[in-house]
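An overview of the molecular structure
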Amino acid sequence: MSTATTELRRVLTITGQRFKNGQSAPEMFSPAVDKAWQEQLGTAARNDGPRAPQ
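Okay, so let's go over this structure.

A few points about the nonpolar core
Counting five residues, the largest nonpolar core is built from Ala4, Leu8, Val11, Val33 and Ala36. Of all the secondary structure elements, the ones that give two or more residues to this core are α1 (3–20) and α2 (31–41). Counting residues per element, this core draws most heavily on α1, at three residues. Contacts of leucine 8, omitting those with residues within four sequence positions, involve Val33, Ala36, Trp37 and Gln40.

Okay, structure coming up:
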């Protein structure tokens, strides 16, 4: 498992904890974590700033 994938796991754990407490998701601040996330989704990573909610 890559460092980025490990970091993504941490981000998702924190996100789950925040959602459970009624908070919003944290921002994905690391391009490496963002890339790992995009790879898991099967989409190309884009480094064009924050994404708007869909």
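Having put the structure on the table, let's press on.
Examining α1
Here α1 spans 26 Å end to end across 18 residues, near enough to the 26 Å set by a 1.5 Å rise per residue. Where α1 is concerned, the buried positions are Ala4, Leu8, Val11 and Thr15. Angular distribution of buried residues about the axis of α1 spans 60°; they occupy a single face of the element. Opposite the buried face of α1, by more than 90 degrees, sit the exposed residues Thr3, Arg9 and Lys20. At its buried positions, α1 is contacted by α2. Residue glycine 22 follows α1 closely and has a positive phi angle near 80°.

Some points on the side chain of threonine 15
Considering the arrangement of structural elements, one finds threonine 15 in helix α1. Beyond its immediate stretch of four places on either side in the chain, threonine 15 contacts Ala25 and Pro26.

With respect to the packing of α1 against α2
The relative placement of two packed helices comes down to the angle between their axes together with the axis-to-axis distance. In the contact formed by α1 and α2, the axes pass within 8 Å of each other and the chain directions differ by 85°. When the interaxial angle is binned, α1 and α2 end up roughly perpendicular. Only Ala32, Val33, Ala36, Trp37 and Gln40 of α2 make contact with α1, whose side of the interface consists of Ala4, Thr5, Glu7, Leu8, Val11 and Leu12. For the contact of α1 with α2, the class distribution of residues is eight nonpolar, two polar and one charged.

Quick word on α2
Those residues of α2 that sit buried are Val33, Asp34, Ala36 and Gln38. As for α2, its buried residues are in contact with α1. Immediately beyond the C-terminal end of α2, within one or two residues, lies glycine 42, with a positive phi of roughly 80°.

The rules behind the values
- Residues numbered from 1 in each chain as written.
- Predicted model: local features only at pLDDT ≥ 70, side-chain atom pairs only at ≥ 80, totals over all residues.
- Heavy atoms only, no water.
- Core = buried A, V, L, I, M, F, W, Y, C linked by side-chain atoms within 4.5 Å.
- Buried < 20%, exposed > 50% of the residue type's maximum accessible area, 1.4 Å probe, protein only.
- Helix = DSSP H or I, 4+ residues; strand = E, 2+ residues; numbered from the N terminus.
- Contact = heavy atoms within 4.5 Å.
- Expected span 1.5 Å × (residues − 1).
- Arc of directions from axis to C-beta.
- Axes fitted to C-alpha atoms, helices over the stretch in contact; angles between N-to-C directions.
- Parallel < 35°, antiparallel > 145°, perpendicular 65-115°, else oblique.
- Nonpolar A, V, L, I, M, F, W, Y, C, P; charged D, E, K, R; others polar.

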